[in-house]
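# Observations on the model geometry
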Amino acid sequence: MVARCGSFPCIVLALLLAAGCRGEASSDDAASSTGSGSTSMTTTTATGSESGTCPQPVLGCPCEAGECVAPAVCIAGSCSAMSTTGVGESSSSGDASDSSSGTGPIACNDGQPHAGELCLGSPTLLVMGVAPTGVVLANFDGDPSLDLATCNRDGNEVALRPGDGGGNFGARTTYAVGANPNDVVAGDFDADGHLDVVTADTGAATVSWLRGASNGSFTAGGAIAVGMAPQQLVATDFGGEGRDDLVISNATDDTVGVLLSEPAPFAAMVTFGVGVAPRGLALAQISDDSELDLLVTNTGAATVSLLLGNGAGQFGAAAPFPVGADPRAIAGGDVNGDGLGDAITAEASGNLTRLLGNGLGSFGAGLPFATASTPSALELVDLDLDGDLDLVVASSGDMTLRVLTNDGAGEFMEAIQLTTDAGPGALAIGDFNEDGLPDIACANTGGSTVTLVESSA
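Before going into details, it helps to say that this report is about the structure given with it. (Residues numbered from 1 in each chain as written. Predicted model: local features only at pLDDT ≥ 70, side-chain atom pairs only at ≥ 80, totals over all residues. Heavy atoms only, no water.)

## Describing the overall build of the protein
Counting its secondary structure elements, the protein contains two helices and 32 strands. The buried share of the protein, reckoned over its 457 residues, is 52%. Contacts in the protein between residues far apart in sequence, at least 24 positions, make up 42% of those at least 6 positions apart. For the protein, the accessible area works out to roughly 17100 Å², and carbon and sulfur atoms hold 51% of it. (Helix = DSSP H or I, 4+ residues; strand = E, 2+ residues; numbered from the N terminus. Buried < 20%, exposed > 50% of the residue type's maximum accessible area, 1.4 Å probe, protein only. Contact = heavy atoms within 4.5 Å. Areas by Shrake-Rupley, 256 points an atom, 1.4 Å probe, with all protein chains shown as cover.)

## Some thoughts on the pattern of salt bridges
On inspection of all chains with the given rule, the structure shows eight salt bridges. Notably, a salt bridge pairs Asp154 with Arg153, separated by 3.0 Å at the nearest N-O pair. A residue is classified by how much of its surface remains accessible, and Asp154, at 46% relative accessible area, is partly exposed. Linking Arg354 and Glu411 is a salt bridge whose minimum nitrogen-to-oxygen distance equals 3.8 Å. Of this pair, Arg354 sits in strand S24 (residues 351–355) while Glu411 is found in the loop between strand S28 (400–406) and strand S29 (412–419), placing the two residues 57 residues apart along the sequence. Among the charged side chains, a salt-bridge network with shared partners connects Asp398, Arg402 and Glu414. (Salt bridge = Lys/Arg side-chain N within 4 Å of Asp/Glu carboxyl O.)

## Brief notes about the environment of Thr405
In this structure, Thr405 sits in strand S28. Taking relative accessible area as the criterion, Thr405 reaches 7% and is therefore assigned buried.

## Some details on the packing of aromatic side chains
Within this structure, the stated rule accounts for nine aromatic pairs. Measuring from ring centre to ring centre gives 5.6 Å for Phe169 and Phe432, while their planes differ by 65°; the resulting arrangement is edge-to-face. Residue Phe169 is found in the loop between strand S8 (157–161) and strand S9 (173–176), and its partner Phe432 is found in the loop between strand S30 (424–430) and strand S31 (439–444); the two are separated by 263 residues along the sequence. Ring centres of Phe321 and Phe363 lie 5.2 Å apart, and the angle between their planes is 80°; this geometry places the pair in the edge-to-face category. Of this pair, Phe321 sits in strand S21 (residues 319–322) while Phe363 sits in the loop between S24 and strand S25 (367–371); the two residues are 42 residues apart in sequence, bridging distant segments of the chain. Per residue, the accessibility class of Phe321 equals that of Phe363, and both read buried. (Phe/Tyr/Trp six-rings, centres within 6.5 Å; stacked < 30°, edge-to-face > 60°.)

## Remarks on the sheet that holds strand S26 (residues 375–381)
The strand order S26-S27-S28-S29 describes an open sheet built from four strands, whose pairing is antiparallel. Where the open sheet ends on each side, the last strands, each with one partner, are S26 and S29. The sheet shows a mean angle of 20° between the axes of neighbouring strands, direction not considered. Bridge count between S26 and strand S27 (residues 390–395): six bridges; the pairing is antiparallel. Across the sheet, residue Leu378 finds its bridge partner in S27, namely Val393. (Pairing = 2+ DSSP bridges. Axes fitted to C-alpha atoms, helices over the stretch in contact; angles between N-to-C directions.)

## A short note on the nonpolar core
One finds Leu118, Leu120, Leu383, Val392, Leu401, Leu427 and Ile440 to be the most contacted residues of the largest nonpolar core, which totals 16 residues. For this core, the secondary structure elements donating two or more residues are S26, S27, S28, S29 and S31. No other element matches the three residues that S29 contributes to this core. (Core = buried A, V, L, I, M, F, W, Y, C linked by side-chain atoms within 4.5 Å.)

## Quick look at unusual backbone geometry
Cis geometry marks the peptide bond from Glu262 to Pro263, where omega comes out at 5°. The omega torsion of the bond from Ala264 to Pro265 falls at -5°, within 30 degrees of zero and hence cis. Tracing the backbone shows Pro265 in the loop between strand S16 (255–259) and strand S17 (270–273). In this structure, Ala302 is a non-glycine residue whose phi angle is positive, near 55°. Looking at the element boundaries, Ala302 is found in the loop between strand S19 (293–298) and strand S20 (303–307).

## Details of the sheet that holds strand S14 (residues 230–236)
As summarised here, the arrangement of the four strands in space is S14-S15-S16-S17, forming an open sheet in which the pairing is antiparallel. A strand with exactly one partner marks an edge of an open sheet, and here the two such strands are S14 and S17. The mean inter-strand angle of the sheet, taken between neighbouring strand axes irrespective of direction, is 20°. Inspection of the sheet shows S16 paired to S17 by four bridges, in the antiparallel sense. Directly across from Val258, in S17, lies its bridge partner Val270.

Function cannot be inferred from these measures alone, as they are strictly geometric.
What follows is the structure, given as structure tokens:
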């Protein structure tokens, strides 16, 4: 999280670097210096007793959101230091340490969200069942609050806990699904106005459909045959008819399958060839039209397949793009602010790779930009409210959540690490404490738990 410049080390650092700002100058001097081509700004040091002008926004200098030179960030109008775990600085408020690591997040604590602030609380654990491999946040019972569901691989079940809107979840209810469910999604697949759940049953070569009711309970909707060893799912309404459709990665078949929910309950699966052992899926606008395209990680080929969509659930031939070894997860979005769709992959071999789109339905060369310990899941979301997509990465090798903030040009800097339980392997983002800020849920396969991390102003 972002540290406020109120601790002694931060003040000393600001004073030292404020010397890099130009010495005392009158307002006339400041005005005359603008002709040199650098932006002149008046600053007050942490002691409040000196003023001067800064040639560029560095530590101790005044700023607006997004102006500070990395690694500084703009906090309350002044460029200040960002806190990361391992630095050992404490919160200025002294009440937001992470009991798991001893160096936890720095709380914002002023009650208002500000652009550039990363306000994450300490992680908490919630028991969900044996080996949860997928997690979803959705409003299943029709009240204003998000509920939490996981698919539990070794229990052959979906577990549901209703949310109260305050970051708390109620008693656990379980529902049987097919063998070894590996992923879970929510959607309205029968157009009855209630959210359903579907799991990818790796051990049964099926997807299991649980039909939702108005009170948040489920009844069995049946098992639908898909490809061999289905891995992950995405759901969207391709046709715009009010019924969600499914895309499934079939690892053993080297295909992705599309299950349209019209005609009801599901049409026969249509498959599209991709690379070896497909796993991770994402839908995003990569080409310059308005239709969703499909991104697939091929764990056996060290590639990403891009399939351009026509908006009706049909896709063109897969185009492969090399990334690092064993790519497990992928997310799509405009990460560098050029209006074009990009992609980020998490590779179990240890890299995060950026694929920048050209707007023509293709990517440039993959650019590794960070490392993590066996990253297994990732999400793109604006966590610090500055308008840019930041990155949340679940790393199973060291049981952490890594948050990397985006500078707006697609460059990511690790801001914080949070401790999870064993085997973090799936992520969901949603506002489950109803404060208008995105929160994080992470399924821990080895710990039979979900890690919850709340954002708060």
